[in-house]
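Next come the chains, spelled out residue by residue.
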Amino acid sequence: MTKTKLRTHYKTLRKALSEKQIEDYSLKIANQLLLLPIWDHEFYHIFLSIIEHKEVNTDYILNILSGKDKNIIISKSDFSTREMSHILLTDSTTIKKNKWHIPEPVNGITITPEQIDVVFVPLLAFDEQGHRVGYGKGFYDKFLAMCKPETLKIGLSFFESEKKITDVYQGDIILDYCVTPHDIYTFKN
């Protein structure tokens, strides 16, 4: 299936999820993450959930990262350049929603993509080869391309994989893992 068709299909599936399902699935995804060999690193980039889009609730993962005393990095999007800046989350970081309902840091210490060890990647769908479908703006493809090659890229999905996304292109960054409430997919070579 094409990215456009998958985007439409998975947005519809997400809309049908209840608040309880989102919370249950999000907690299961966080628990699945604990099974991965990813916890020996220092800098973890995570997206703050857009509640209006019924994204995976990353609060559970934030709690794990805090409990493990990790450096947590969050982003701010610049829609004119389609690039993100990355900020260290601290007790003094102020977070506000932008006009697209994305929770973002207002201020903070800037971290470069090269410093980041693990990235939790938002997505709508993914396939058995580790390709993903996002919202189509290219923010994460640009960001992931700037990370060091060994940075772990972990997709988070309420739904299981598609067989194949038919219109992937050369600039698409393949995930290392994708975690769902019921499975862990590994794409690392």
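Presented here is a report on the structure given in the accompanying data block. Quantities reported herein were computed from a predicted structural model and do not represent experimental measurements.

All right, on to the packing of aromatic side chains then. Counted by the stated rule, this structure contains nine aromatic pairs. Arranged with centres 3.7 Å apart and planes meeting at 20 degrees, the rings of Phe79 and Trp100 form a pair that is stacked. Here Trp100 lies in the loop between β4 (95-97) and β5 (103-105) and Phe79 lies in the loop between β2 (71-78) and β3 (83-88), a separation of 21 residues in the sequence. Overall, Phe79 belongs to the partly exposed group, its relative accessible area being 26%. For Trp100, a relative accessible area of 38% puts it in the partly exposed group. Between Phe126 and Phe187, the aromatic rings sit 6.4 Å apart at their centres with planes inclined by 70 degrees, giving edge-to-face as the arrangement.

Let's shift gears to the pairing of β2. Where strand β1 (residues 43-45) and β2 come together, three bridges link them in parallel fashion. Following the sheet pairing, Tyr44 is matched in β2 by Ile72. With respect to chirality, the unit in which β1 leads through helix α3 (residues 59-67) into the neighbouring parallel β2 is right-handed. With antiparallel pairing between neighbouring strands as the criterion, β2 and β3 make up a hairpin whose turn holds four residues, including Arg82 at a positive phi of roughly 55 degrees.

With that out of the way, let us pick up the pattern of salt bridges. All chains considered together, the criterion is met by seven salt bridges. Between Lys97 and Glu52 there is a salt bridge, and its shortest N-O distance comes to 3.0 Å. In this pair, Lys97 is assigned in strand β4 and Glu52 in the loop between β1 and α3, connecting sequence segments 45 residues apart. A residue is classified by how much of its surface remains accessible, and Lys97, at 43% relative accessible area, is partly exposed. Here Arg132 ties to Asp141 by a salt bridge, and the two come within 3.8 Å at their closest N and O atoms. Asp141 carries the same exposure label as Arg132, and that label is buried.

Sheet architecture is open: eight strands sit in the order β6-β3-β2-β1-β7-β10-β11-β12, paired in mixed fashion. Two strands bound the open sheet, and with one partner strand each, they are β6 (109-111) and β12 (184-186). Direction aside, neighbouring strands of the sheet carry axes that sit 30 degrees apart on average. Where strand β7 (residues 118-122) lies against strand β10 (residues 152-156), five bridges are found, and the strand directions are parallel. Residue pairing for β10: Val121 is matched across the bridge by Gly155. Against the sheet, helix α4 (residues 139-146) contacts β1, β2, β3, β7 and β10, and its axis sits at roughly 170 degrees relative to β7.

Each value, and the rule that gives it
- Residues numbered from 1 in each chain as written.
- Predicted model: local features only at pLDDT ≥ 70, side-chain atom pairs only at ≥ 80, totals over all residues.
- Heavy atoms only, no water.
- Phe/Tyr/Trp six-rings, centres within 6.5 Å; stacked < 30°, edge-to-face > 60°.
- Helix = DSSP H or I, 4+ residues; strand = E, 2+ residues; numbered from the N terminus.
- Buried < 20%, exposed > 50% of the residue type's maximum accessible area, 1.4 Å probe, protein only.
- Pairing = 2+ DSSP bridges.
- Right-handed = clockwise from strand over helix to strand, strands pointing away.
- Salt bridge = Lys/Arg side-chain N within 4 Å of Asp/Glu carboxyl O.
- Axes fitted to C-alpha atoms, helices over the stretch in contact; angles between N-to-C directions.
- Contact = heavy atoms within 4.5 Å.

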